[in-house]
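# Structural description and commentary
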Amino acid sequence: MPLSVQTRREKQKAELRSELVDAAHKLVQEEGYEGLTIRKLAKRVGYAPMSVYSYFADKQDILFALAEDAFETLAKRIEDHPADDPIEALQVVMTEYAAFGLGNPNEYRTIFMTEKVKPPEGRTFAEMQEGNPLMKVLINRVEACVAAGKLKGDPRAIATMLWAVGHGTISLLITFPFYPFGDQQAFVKRMCDFTLSALATKDVPPLTETPANC
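Residues numbered from 1 in each chain as written. Predicted model: local features only at pLDDT ≥ 70, side-chain atom pairs only at ≥ 80, totals over all residues. Heavy atoms only, no water.

Identification of the protein as TetR family transcriptional regulator from Mesorhizobium wenxiniae is taken from an unreviewed UniProt entry.

Helix and strand counts for the protein come out as ten helices and two strands. Each helix (α) and strand (β) of the protein, taken in turn from the N terminus, gives the series α-α-α-α-α-α-α-α-β-α-α-β. With the C-alpha coordinates of the protein rotated into their principal frame, the extents come out at 55 × 50 × 35 Å. Sorting the 214 residues of the protein into buried and exposed places 37% on the buried side. Total accessible area on the protein is roughly 12,500 Å²; 56% of this is exposed by carbon and sulfur atoms. (Helix = DSSP H or I, 4+ residues; strand = E, 2+ residues; numbered from the N terminus. Buried < 20%, exposed > 50% of the residue type's maximum accessible area, 1.4 Å probe, protein only. Areas by Shrake-Rupley, 256 points an atom, 1.4 Å probe, with all protein chains shown as cover.)

Another aspect to go through is the UniProt feature "DNA-binding region" (unreviewed entry) in the protein. Using the residue numbers shown here, the UniProt feature "DNA-binding region" (unreviewed entry) corresponds to residues 37-56. Strand forms 0% of residues 37-56 and helix 60%; the C-alpha atoms that close the span are 11 Å apart. (UniProt positions renumbered as here; feature names shortened; annotations may be inferred.)

Let us now look at the layout of surface pockets. If you add up the space inside the largest pocket, you get close to 730 Å³. Lining the largest pocket are 27 residues, with Phe-71, Gln-129, Asn-132, Met-135 and Trp-163 sitting closest to its centre. Put simply, the parts of the chain that give the lining of the largest pocket at least two residues each are helix H4 (59-79), helix H5 (86-103), helix H6 (105-112), helix H7 (125-130), helix H8 (133-147) and helix H9 (155-175). At seven residues, H9 tops the list of elements feeding residues into the lining of the largest pocket. Here the lining of the largest pocket is composed, by residue class, of 18 nonpolar, six polar and three charged. (1 Å grid on protein atoms, 1.4 Å probe; cavity = no way out; pocket = protein on both sides within 12 Å on 5 of 7 lines; lining within 4 Å. Points joined across faces, edges and corners; volume = space filled by probe spheres on them. Nonpolar A, V, L, I, M, F, W, Y, C, P; charged D, E, K, R; others polar.)

Our focus in this paragraph is the environment of Gly-32. With respect to the element layout, Gly-32 can be found in the loop between helix H1 (5-31) and helix H2 (38-45). Note: C-alpha distance between Gly-32 and Thr-110 (78 residues apart in sequence) is 6.9 Å.

Any pair of aromatic rings gets described here by the distance separating the centres and the angle formed by the planes. Summed over the entire model, instances satisfying the criterion amount to seven aromatic pairs. With a centroid separation of 6.4 Å and an interplanar angle of 75°, the aromatic rings of Phe-100 and Phe-112 are classed as edge-to-face. One end of the pair, Phe-100, is in helix H5; the other, Phe-112, is in helix H6, with twelve residues separating them in the sequence. Neither Phe-100 nor Phe-112 differs from the other in exposure class; each is buried. Taken together, the ring pairs connect Phe-71, Tyr-97, Phe-100, Tyr-108 and Phe-112 into an aromatic cluster. The aromatic ring of Tyr-33 is capped on one face by Lys-59, whose charged end is 3.8 Å from the ring centroid. (Phe/Tyr/Trp six-rings, centres within 6.5 Å; stacked < 30°, edge-to-face > 60°. Lys NZ or Arg CZ within 6 Å of the ring centre and 35° of its normal.)

Here, UniProt's "domain: HTH tetR-type" (unreviewed entry) annotation points to residues 14-74. Counted over residues 14-74, helix gives 75% and strand 0%. Its end C-alpha atoms are 21 Å apart.

This part is about the environment of Val-146. As for its position among the elements, Val-146 is in helix H8. You can call Val-146 partly exposed: its relative accessible area is 26%. Along the primary structure Val-146 and Ile-111 are separated by 35 residues, whereas in three dimensions their C-alpha atoms are 30 Å apart. Every residue in contact with Val-146, bar those within four places of it in the chain, is listed here: Leu-151, Gly-153 and Ile-158. (Contact = heavy atoms within 4.5 Å.)

Among the nonpolar cores identified, the biggest contains 57 residues, and Leu-36, Ile-62, Leu-66, Leu-90, Ile-111 and Leu-162 are the most heavily contacted of them. Broken down by secondary-structure element, the contributors of at least two residues to this core are H1, H2, H4, H5, H6, H8, H9 and helix H10 (184-199). For this core, the element with the highest residue contribution is H4, accounting for ten residues. If sequence neighbours within four positions are ignored, Leu-162 has contacts with Leu-90, Met-94, Val-142, Thr-195, Leu-196 and Leu-199. (Core = buried A, V, L, I, M, F, W, Y, C linked by side-chain atoms within 4.5 Å.)

In structure tokens, the structure reads:
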């Protein structure tokens, strides 16, 4: 069945937006956050700057698009590495997260270390959090550990603590490259193992009195 005019336009718009997001990833990897501008992005894909504004209202919108694309890519990478042991499956999350950050320091800084002051138009931070595929896979693997008796407590709280440790570790490795951490991946594993061992001795309560939806 031939596509309707509206469907073709929507398909074309989605393809062009995807092209812009891919170009933004490359621009950030090469030049960092400071190099990400509407003008440079438009030039890279051969569009007029005003055309880019049809897809992204401002630089913040592009940052969110980059973040969501990275979350989806990371979630897929993690799901491609299942493990029978729930703790090992959880360690894969940290390993892949670290591999992304250490392998793409400019992009990591831009996505995870740049303040997001407002959500995209028509959306809320809560909605974006609930739809985050990376957080979902992390919480799912924490839930598997809780179900197996390996960890105890609120899965979202445990997941958030692991994320905090992982983010802090990767941020330090990126920001202070000359500090004697030793082998970077070995240091990440050490921090992960230490955190999981500590969490295994605790019954972790929820972060807030009102439970959050996954």
